Amino acid sequence: MNEKKSFGYYIRKKRLEAGLTQRELAEQLFVTESTVSKWERALSYPDVSMVMPICAALHITEHEFFTACDDDQTHTQERQAAVWRGVVTGTRRFFAAGYAIATAVCFICNLAVFHTLNWFWIVLTACALAFCFTNLPFLLQRSRLTVSLGAASGCLVLLLLACWVNVGGWWIIGGLAITAASLALPWAWWAVWRFYGKHVLPLCMAVLTVWVFLLLAVIWVFAGGNWLFTLAYPLALAGAAFVWAGFAALYWLPTGPWLKAGVIALLASLATPAFNSLCDLLIEDTDGPGFLEYFSVRHMLIRRAAGDVSWVNPLIFQIMLVCSLAIIIIGTAVELRRRKQG
């Protein structure tokens, strides 16, 4: 009986909040006014077939109907979702208005000052490129990533051509080649995501590694020099080694977050000294500190005593190394405890 009274009170409360009289609610539900009165006085329950119409008329959910209380969590989520949709819509409109204003102003200025359209095409293609990222995905119902990526690629090439038409020169050949090599990465990632359902992240990492060497080779073809095999590729290999080590720690290391964080911190503390030492070795710079000197307290104190402000750098890496080792020790202890309990 208490449940009926609670239900009747809730129906009356929601009816009043909706600004409806018993007669108006009855007319919407195609029942008599006395039927609504009986519901609110807890003399009867609505038929099951009336649940959805009542919920629609009183703006409540079926869960709220059967529990006779407001679902505050659901309403909060709906309000947050509505706020987010409003922010997204407002942002899209802001960008669209900005593109339209910029295009119109540049069109008028270019035509009025130079009596022709030259650099306007650069502005137009740049705005179109930005539009592909900020607005176009929301206008599409299907194949958003494919269409947006394709449109962005086309706009990028058009932007490059617009710059070339405006300034001229043979650099356009190298520019198009480097642009094509750069676009190969997102399109390769798209192909991996589109056609391979398993091992997407490792495959994307492999694609990124190959792409770095490809891009360096394309740049070298047009820039010339002897830096590709003597400097760029060795540094790229070292960078790939650190990146793959970090990825392996996160993706394949079967441990908890503490130990993974410790490994990542250790790699971060070793990366810069390793790169700097490798650069000094490749360009035969004898003034830079060696790899081990970055972690030598004695070397740091000597530089400090000599008034060399660079002593701060080894101190930073030493602190990073100690902290990373401490995290690894904590992570190892946590992992051993977890396995012992398991």
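The text that follows walks through the structure, step by step, so that each part is easy to find. (Residues numbered from 1 in each chain as written. Predicted model: local features only at pLDDT ≥ 70, side-chain atom pairs only at ≥ 80, totals over all residues. Heavy atoms only, no water.)

A closer look at the environment of C55
Moving on, step 1. Position of C55 relative to the elements: it lies in helix α4 (residues 51–58).
Moving on, step 2. Look at C55 and you get buried, because its relative accessible area is 6%.
Moving on, step 3. Separated by 117 residues in sequence, C55 and I172 have C-alpha atoms that sit 64 Å apart.
Moving on, step 4. If we skip the residues at most four places from it in the chain, C55 touches I60, T61, E62 and F65. (Helix = DSSP H or I, 4+ residues; strand = E, 2+ residues; numbered from the N terminus. Buried < 20%, exposed > 50% of the residue type's maximum accessible area, 1.4 Å probe, protein only. Contact = heavy atoms within 4.5 Å.)

Some thoughts on a nonpolar patch on the surface
Moving on, step 1. On the surface, a cluster of nonpolar side chains totalling about 630 Å² of accessible area is made up of L158, L161, W164, V165, V167, W171 and L176.
Moving on, step 2. Those elements that place two or more of their residues in the nonpolar patch are α9 (144–167) and α10 (171–195).
Moving on, step 3. Broken down by element, the nonpolar patch gets its largest block of residues, five residues, from α9.
Moving on, step 4. For L158, the location among the structural elements is in helix α9. (Patch = residues over 30% accessible without salt bridge, like charges linked within 9 Å, V, L, I, M, F, W, Y side chains within 5 Å. Areas by Shrake-Rupley, 256 points an atom, 1.4 Å probe, with all protein chains shown as cover. Salt bridge = Lys/Arg side-chain N within 4 Å of Asp/Glu carboxyl O.)

Considerations on helix α15 (residues 312–341)
Moving on, step 1. Along its 30 residues, α15 runs 44 Å from first to last C-alpha, staying within 8% of the 44 Å computed at 1.5 Å per residue.
Moving on, step 2. For α15, the complete set of buried residues consists of P314, F317, Q318, S324, I328, G331 and E335. (Expected span 1.5 Å × (residues − 1).)

As for the layout of surface pockets
Gaps left between atoms are located by rolling a probe of water-molecule size over the structure's atoms.
Moving on, step 1. Of the voids in this model, the largest pocket is the one considered here, and its volume is about 160 Å³.
Moving on, step 2. At the level of elements, α1 (2–17) and α5 (62–67) are the ones that each hand at least two residues to the lining of the largest pocket.
Moving on, step 3. Of the residues contributing to the lining of the largest pocket, the split by class is eight nonpolar, two polar and two charged. (1 Å grid on protein atoms, 1.4 Å probe; cavity = no way out; pocket = protein on both sides within 12 Å on 5 of 7 lines; lining within 4 Å. Points joined across faces, edges and corners; volume = space filled by probe spheres on them. Nonpolar A, V, L, I, M, F, W, Y, C, P; charged D, E, K, R; others polar.)

Points about the nonpolar core
Moving on, step 1. In terms of nonpolar packing, the biggest core is built from 18 residues, with L25, L29, I54 and F65 touching the most fellow members.
Moving on, step 2. Residue assignment for this core shows that the elements contributing at least two residues are α1, α2 (22–29), α3 (33–40) and α4.
Moving on, step 3. Considering every element that reaches this core, the biggest residue donor is α4, with five residues.
Moving on, step 4. Ignoring any residue separated from it by four or fewer positions in sequence, one finds L25 in contact with R15, L20, V36, A57 and L58.
Moving on, step 5. In this structure, L129, C132, L140 and A152 belong to the second largest nonpolar core, which totals seven residues. (Core = buried A, V, L, I, M, F, W, Y, C linked by side-chain atoms within 4.5 Å.)

Some points on the packing of aromatic side chains
Think of a pair of aromatic rings as described by two things: how far the centres are apart, and how the planes are tilted against each other in angle.
Moving on, step 1. All chains considered together, the criterion is met by 20 aromatic pairs.
Moving on, step 2. On the numbers, 5.9 Å between centres and 85° between planes, the contact of W190 with F195 is edge-to-face.
Moving on, step 3. Look at F247 and Y251: their rings are 5.1 Å apart centre to centre, the planes differ by 10°, and that puts the pair in the stacked class. Pair noted here: F247 and Y251 are both in helix α12 (residues 227–251), with a separation of four residues, about one helical turn.
Moving on, step 4. You can call F247 buried: its relative accessible area is 13%.
Moving on, step 5. Classification of Y251 by relative accessible area gives partly exposed; the value is 35%.
Moving on, step 6. The rings of F7, Y45, F65 and F66 are connected pair by pair, giving a single aromatic cluster.
Moving on, step 7. The residue whose ring lies beneath R304 is W311, and the NZ or CZ to ring-centre distance is 4.9 Å. (Phe/Tyr/Trp six-rings, centres within 6.5 Å; stacked < 30°, edge-to-face > 60°. Lys NZ or Arg CZ within 6 Å of the ring centre and 35° of its normal.)

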